[in-house]
Amino acid sequence: MADTGFVQPLLAPRSIALVGASDDSTKTSSRPLRYLRQAGYEGTIYPINPRRAQIGGERAWPSLSALPAVPDHAFILTPTEQALEAVEECARLGVPVATILATGFSEDRNAGPARVARLKSLCRNTRLRILGPSSLGAINLHHRTILTANAAFAEPDLPVGGTFVASHSGSMLGGLISRGKAHGVGFAGLVSVGNEIDLSLGEICAATLDDPEITSYMLFLESLRHADDLRAFALGAAARGKPIAAYKLGRSPVAAELALSHTGALAGQDDVADAFLADCGIARVENFETLLEVLPLLEHIPLGATTGRSPRVGILTTTGGGAAMVVDGLAGRGIEVVTPSKETFASIGAAGVAVQHERIVDLTLAGTRYDVMKASLEAMLAAPEFDMVVAVTGSSARFQPELAVRPVIDSAASGKPLAAFLVPDAPDALRLLAEADVPNFRTPEACADAIAAAYRRRTPRPAPLAAPLSSDTRQLDELEAYALLAGLGIDHAPSVSLPVDGSKLDLPFPYPVAVKALSAEIAHKTNVGGVVLNVMNAEELKAAILRIATSVATNCPGIALRHVLVQPMTSGLGEVLLGYRRDPDAGPIVLLAAGGIYTEIYRDRSIRLAPVDLAGAREMIEELSISRIFQGFRNRPAGDLEALARAIVAFSKLAEYSERGVIDAEINPFIVRPKGEGVLAIDALVQLAQQGDRDD
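Residues numbered from 1 in each chain as written. Predicted model: local features only at pLDDT ≥ 70, side-chain atom pairs only at ≥ 80, totals over all residues. Heavy atoms only, no water.

**Description of the pattern of salt bridges**
Tallied over the entire structure, the rule returns 33 salt bridges. A salt bridge links arginine 37 to glutamate 58; the shortest N-O distance between them is 2.7 Å. In this pair, arginine 37 is assigned in helix α2 (residues 31-39) and glutamate 58 in strand β4 (residues 58-59), connecting sequence segments 21 residues apart. Members of the salt-bridge network, linked through shared partners, are Glu478, Lys516, Lys525 and Asp683. (Salt bridge = Lys/Arg side-chain N within 4 Å of Asp/Glu carboxyl O. Helix = DSSP H or I, 4+ residues; strand = E, 2+ residues; numbered from the N terminus.)

The structure is reproduced here in structure tokens:
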């Protein structure tokens, strides 16, 4: 069972020691005492400063050891070296939790590693839990514990509610609390996790899941450190119906390329993060503004609501231009705005409302009338062709807020998700919608972003058990890789090994054939002249072997090539790439992409956490643009996509077979043959790592 004993001293401490508290109001170290008193904290506060008898008019203590009792929580505000000494004193005294403000640990390449090792040793060998280093603190608004050095918390009347915030960036807590106040978001608590050398973001959030005052979570992520904790937290949140929204930095084209396979180049750090968060049921938004507005929508849209297909959105508006902005935003995210059916238009017409039969249902000025908007909304919310409806309101939302949004509020109980985008700046109308629990948005970008993030979430599953792997690796040659695939139930092309001296040329299959260098030391054979195609007879075969041996000797002088691999030339309807790797942060992932030599140029791919089930594999195929080729496009034969889906499932089970030690594997090309004829691996790469102890 996970340790949650740190939660009370972290977020609801009965006593707090402020180590290095300052009496100088211009210094950061003076803030926590001031904020705690301003908030009305009811516990005991021990300011500690050996050079002051009083801090802020209160008695100061020379050290932790001099205190009359062991505090629940020590907030260490001193510089780095003194902070280390204070943490060690906390450990000796039995302080349950220490938060470290100082930097100079993980981010310091020189002295940092030794400092981190000292802290980790204390956590292993004592009861102490550490938040940070580089943490700006932890806040519990219900408990009136404003334990932070963030200047934004000097603001009075902080908004109290049900959202718990966890952030890698301490400064972002100030941005969220101030912007949240303007958006009417109420917070239960906020925590700055810093470097996570002990307590991780996911571990802290998971420990709060059963707090009835916390109803949702907002995350600001810089990385996927401790992804296993984050995944376990997400699983628990899903089980309790508590939605999670995240804004993650790092949407850049820079890929975490691996030397062995295309998979590393295709599954860059941010691509993996996208797949990881979606598979954890976490709504990742693109815009910071959306993070503050998306949670009410997540509460109305179940996880995996439209699994296997794109969500279908209906739009009802009083302003065509405003609605068109939402349509553009959704289209850019691959979400279809659906034209109402004839039956839906008839239902709207039966209520006495005349509209054009177009994708956007534009009521124009008539939509400012309650009866017109209400009747039209009822018709669209009852229509089976929509998964959700967006009501877009024009200028009346600012000047007649009650009239403009009342029909939306009165229609919200239909059971189908309904959201509102208000084109003008209309704070009163937004407040009315929020009070009625109707998801509402200030910008079309945030509206589209939130809808896409909500429907992109999938129902999370527990992570597979995986043994730690050492850094010692070895690559399999192609025949060994085929043997591993066969064990998974994946078919490969018939293959035979021949010596490069040409002493044996007999083949168990007819010409034409492909000839390839066979060596565990050569990952990409084409790059070194290690492939010859369309070899038609024994004489050409002998020449091809000599050509490959000569080319490898020239391009790879350190490799002694002894064998080549020969396969019959094989064709199908097209090629895909199927990849697997143990991502250092997210864990096992499986990737499906357009195959062949142009894989990295097309960058047409779908990524999931491994293993996947058959439904997940079908989704991956559907997400791939090239899959249209295999669906009878322009009267072409249909491909065996069910066989491909079964192969994806089988391949992804590498995540469950930790004894194999596979860290990277790839089939490229993977030939898709006509329906009923299956799929066939034509080339395969596998890299193994030895199992062993790994220092996390």
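**A look at the sheet that holds strand β6 (residues 97-100)**
The 5 strands lie next to each other as β2-β1-β5-β6-β7, forming an open sheet whose pairing is parallel. The sheet is open, and its two edges are formed by β2 (44-48) and β7 (129-131), each paired on a single side. Strand after strand, the sheet turns through a mean of 20° between neighbouring axes, direction not considered. As defined by bridge partners, strand β1 (residues 15-19) adjoins strand β5 (residues 73-76) across 4 bridges and the pair is classed as parallel. (Pairing = 2+ DSSP bridges. Axes fitted to C-alpha atoms, helices over the stretch in contact; angles between N-to-C directions.)

**A word on the nonpolar core**
Most often, soluble globular proteins have nonpolar side chains that are buried together. Residues Ile315 and Ile451 are the most contacted members of the largest nonpolar core, which totals 52 residues. Ranked by residues supplied to this core, first place goes to helix α18 (residues 444-456) with 9 residues. For isoleucine 315, the contacting residues outside a window of four places in its chain are Ala323, Val326, Val327, Leu330, Val337, Arg359, Ile360, Val361, Met380, Val390 and Val392. Within the second largest apolar cluster, 45 residues are counted, among which are Leu518, Val590, Ile626 and Ala643. (Core = buried A, V, L, I, M, F, W, Y, C linked by side-chain atoms within 4.5 Å. Buried < 20%, exposed > 50% of the residue type's maximum accessible area, 1.4 Å probe, protein only. Contact = heavy atoms within 4.5 Å.)

**Considerations on the confidence of the model for the chain**
On average, residues of the chain carry a pLDDT of 92, and 94% of them reach 70 or more. In this model, residues 253-266 is a region of pLDDT below 50 whose contacts with residues beyond four sequence positions or in other chains number 51 contacts. (pLDDT = per-residue confidence, 0-100.)

**Examining the environment of alanine 655**
Positionally, alanine 655 belongs in the loop between α23 (641-652) and β29 (662-672). Sequence separation between alanine 655 and glycine 587 is 68 residues, and the spatial gap between their C-alpha atoms is 8.6 Å. Excluding residues within four positions of it along the chain, alanine 655 makes contact with Pro464, Leu465, Tyr580, Pro588, Ala610 and Pro611.

**As for the sheet that holds strand β13 (residues 244-248)**
Strand-to-strand pairing in sheets goes through backbone hydrogen bonds, with the strands running parallel or antiparallel. Pairing within the open sheet is mixed, and its 7 strands lie in the order β9-β8-β11-β10-β12-β13-β14. The open sheet has two free edges, formed respectively by β9 (145-148) and β14 (283-285), since each of these has just one partner strand. Averaged over all pairs of adjacent strands, the angle between their axes in this sheet comes to 20°, without regard to strand direction. In this structure, strand β10 (residues 160-167) lies alongside strand β12 (residues 216-221), joined through 5 bridges in parallel fashion. Bridged to threonine 163 within β12 is serine 216.

**Details of the pairing of strand β25 (residues 563-568)**
Counting buried residues along β25, 5 of its 6 residues qualify, which places the element largely inside the surrounding structure. The pairing of strand β22 (residues 496-499) with β25 spans 4 bridges and is classified as antiparallel. If you follow valine 496 over to β25, its bridge partner there is valine 566. Bridging between strand β23 (residues 513-518) and β25 involves 6 bridges; their strand directions are antiparallel. Within the sheet, the bridge partner assigned to lysine 516 lies in β25 and is leucine 565.

**Some points on helix α7 (residues 227-240)**
With 14 residues, α7 should reach 20 Å at 1.5 Å per residue; the first-to-last C-alpha distance of 20 Å fits that figure. All of the buried residues in α7 are Ala227, Leu230, Arg231, Phe233, Ala234, Gly236 and Ala237. Those residues of α7 that are buried are in contact with α6 (201-207), β12, β13, α9 (269-279) and β28 (605-609). Phi turns positive, to about 70°, at glycine 241, one or two residues after α7. (Expected span 1.5 Å × (residues − 1).)

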